[in-house]
Amino acid sequence: MSTIKKRKYKDSIYIVYTHKSRIFKIYTGVRIEQQYWISNCLVKSCPEYKNKHSNIAFAENKVLAAITAVQSKGFEPTADMVRMEYYSQIKPFKKEVPFWESYRTFLNLLTCRESTKRKVTITYNVLEYFCKYAGYKPSADSFDKVIFGRFIMYLMENQKMADSTIHRHVKALKAFFRFAYPEKNISFMKYSILHTPN
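Residues numbered from 1 in each chain as written. Predicted model: local features only at pLDDT ≥ 70, side-chain atom pairs only at ≥ 80, totals over all residues. Heavy atoms only, no water.

Regarding the overall build of the chain
Right, so step 1: Helix and strand counts for the chain stand at 6 helices and 5 strands.
Right, so step 2: The linear arrangement of helices and strands in the chain, starting from the amino end, is β-β-β-β-β-α-α-α-α-α-α.
Right, so step 3: Principal-axis analysis of the C-alpha atoms gives the chain an extent of 55 × 40 × 40 Å.
Right, so step 4: Of all 198 residues assigned to the chain, the portion counted as buried reaches 36%.
Right, so step 5: If you take every contact in the chain between residues at least 6 apart in sequence, the share linking residues at least 24 apart comes to 51%.
Right, so step 6: Within the structure as shown, the chain displays about 12,400 Å² of accessible surface, and the carbon and sulfur contribution to it stands at 53%.
Right, so step 7: Averaged over its 34 positive side-chain charges, the chain has a centre that lies 3 Å from the centre of its 16 negative ones. (Helix = DSSP H or I, 4+ residues; strand = E, 2+ residues; numbered from the N terminus. Buried < 20%, exposed > 50% of the residue type's maximum accessible area, 1.4 Å probe, protein only. Contact = heavy atoms within 4.5 Å. Areas by Shrake-Rupley, 256 points an atom, 1.4 Å probe, with all protein chains shown as cover. Lys, Arg positive; Asp, Glu negative; His and termini not counted. Charge placed at Lys NZ, Arg CZ, Asp CG, Glu CD.)

The structure is reproduced here in structure tokens:
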């Protein structure tokens, strides 16, 4: 069974498509205070109501169009298929947001506990230090298997980090890429903790 719903996380409105317990979630670009969002609907008394309502409807229609396109090709509209179709349609029109700006947006939208958020923020700082050290200007396209490998070596050799710490940073980095660049293949971002026998 598939559903498509509008959901509010903190002050940000998302369109959430669910298919067989897997989800595809996109940010509508709309931020709304709690008093203007009741029963998953925008209240008409909200400032700039027409603009915000239009932006939400536009994002929802784009997802619906992606679902229809997948089905018209004879495929099951899984979350992954709809995600790929959605980004293939909008990519020519998508404005490229600077890497670090995307990362800061990701951190601002985190809904976890403050202690967890601090740990996730440390990954941002560590990656920034690595980029300065390596003279690397990060972007979604250029961050590949080679750069990832250099990042891991930096954590191991320069920062002398333990396996568990590196593993935590990799998990946090993957979470950011899934948020900011959901169309990117990040299967190369792997780091296994070495288990030694007792």
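Observations regarding the packing of helix α4 (residues 114-134) against helix α6 (residues 163-180)
Right, so step 1: Packing of α4 against α6 brings their axes to within 9 Å, and their N-to-C directions diverge by 90°. Classed by the angle they form, the pair α4 and α6 counts as roughly perpendicular. On α6, the residues that touch K119, I122, T123, V126 and L127 of α4 are R168, H169, A172 and L173.
Right, so step 2: A per-class count over the contact of α4 with α6 returns 5 nonpolar, 2 polar and 2 charged. (Axes fitted to C-alpha atoms, helices over the stretch in contact; angles between N-to-C directions. Parallel < 35°, antiparallel > 145°, perpendicular 65-115°, else oblique. Nonpolar A, V, L, I, M, F, W, Y, C, P; charged D, E, K, R; others polar.)

Observations concerning the side chain of E60
Right, so step 1: Among the secondary structure elements, E60 is positioned in helix α1 (residues 49-72).
Right, so step 2: Residues contacting E60, with those up to four places away along its chain left out, are I4, K6 and I15.

What about the environment of W100?
Right, so step 1: Within the secondary structure, W100 is located in helix α3 (residues 99-108).
Right, so step 2: For W100, the contacting residues outside a window of four places in its chain are Y124, L127, E128, C131 and P138.

As for the packing of aromatic side chains
By convention here, two paired aromatic rings are described through the distance between centres and the angle between planes.
Right, so step 1: Applying the stated criterion across every chain yields a total of 26 aromatic pairs.
Right, so step 2: Their ring planes at 50° and their centres at 6.5 Å tell us that Y136 and F143 sit as a pair that is tilted.
Right, so step 3: On the accessibility criterion, F143 (0% relative accessible area) is buried.
Right, so step 4: Geometrically, the ring pair formed by F177 and Y181 is tilted, given 5.7 Å between the ring centres and 45° between the ring planes.
Right, so step 5: Given a relative accessible area of 6%, Y181 falls into the buried group.
Right, so step 6: Here the aromatic cluster, defined as three or more aromatic residues joined through ring pairs, consists of F99, W100, Y103, F106, Y124, Y136, F143, F176, F177, F179 and Y181. (Phe/Tyr/Trp six-rings, centres within 6.5 Å; stacked < 30°, edge-to-face > 60°.)

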